[in-house]
Amino acid sequence: MPSYDYRCKNCGRPTTFSYKTYKDYDAASRVCPHCGSADLTRIINRIAIARPSRDYSGMSPQEMLSVFEGGKSEEMGAMFQQVADTVPGGADPQIKEVTERLLKGDKPEKIESDLQASASAATPAASPPTSTSGSE
Ligand SMILES: [Zn+2]
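(A) Looking closely at the packing of helix α2 (residues 61-70) against helix α3 (residues 73-85). Where α2 meets α3, the axes come as close as 8 Å, and the angle between the chain directions of the two elements is 145°. Here the hand of the crossing between α2 and α3 comes out left-handed. Of the residues in α3, those in contact with Met64, Val67, Phe68 and Gly70 of α2 are Glu75, Met76 and Met79. By residue class, the composition of the contact of α2 with α3 is five nonpolar, one polar and one charged.

(B) Up close: the pairing of strand β1 (residues 3-8). Where β1 and strand β2 (residues 14-18) come together, five bridges link them in antiparallel fashion. When the bridges of β2 are listed, serine 3 appears paired with serine 18. Here β1 folds back onto β2, and the loop between the two strands holds five residues, one of which, glycine 12, carries a positive phi near 80°. By the bridge criterion, three bridges tie β1 to strand β3 (residues 40-42) in an arrangement that is antiparallel. The residue bridging tyrosine 6 from the neighbouring strand is arginine 42, located in β3.

(C) Representation of the sheet that holds β1 within the structure. Taking strand neighbours across the sheet as the criterion, the three strands line up as β2-β1-β3 in an open arrangement whose pairing is antiparallel. The strands lining the two open edges of the sheet, one partner per strand, are β2 and β3. Neighbour-to-neighbour, the strand axes of this sheet turn through a mean angle of 40°, independent of strand direction.

(D) Representation of α2. For α2, the tally of buried residues reaches only zero of ten residues, placing the bulk of the element at the surface. Glycine 71, located one to two residues past α2, shows a positive phi value of around 75°.

Rules of the game
Residues numbered from 1 in each chain as written. Predicted model: local features only at pLDDT ≥ 70, side-chain atom pairs only at ≥ 80, totals over all residues. Axes fitted to C-alpha atoms, helices over the stretch in contact; angles between N-to-C directions. Helix = DSSP H or I, 4+ residues; strand = E, 2+ residues; numbered from the N terminus. Left-handed = near helix turned anticlockwise from the far one by under 90°. Contact = placed C-beta atoms within 7 Å. Nonpolar A, V, L, I, M, F, W, Y, C, P; charged D, E, K, R; others polar. Pairing = 2+ DSSP bridges. Buried ≥ 20, exposed ≤ 12 C-beta atoms within 10 Å, placed from the backbone.

The structure is reproduced here in structure tokens:
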């Protein structure tokens, strides 16, 4: 049986609506049982994703900065991964590499110096083949 979580924009309370079929769901009109308002918004549940205890994608820049300053590789990796998940079409390959290394426990300073070393060694003059500068 499909069920859907909604939150009332009027009183702010969550409600779960259950339907026998998807057709019923389509046809139904949803009204808040607490206050009678029809101004409900769907709550999207992200399922089957093992997520860390903190929701990094909802963090403010200051909070993110404090994670960086905390210097815990796993925390930073988890944050990178969550933020990368929100990027349409996937994150930059370099970001992915950094994320994977952070999750393995590599020190951020080590990763940063490695990236700088490979960047200055690999492309002294030639422009990278995958240049996507400009607009579409
Ligand atoms: Zn309500």
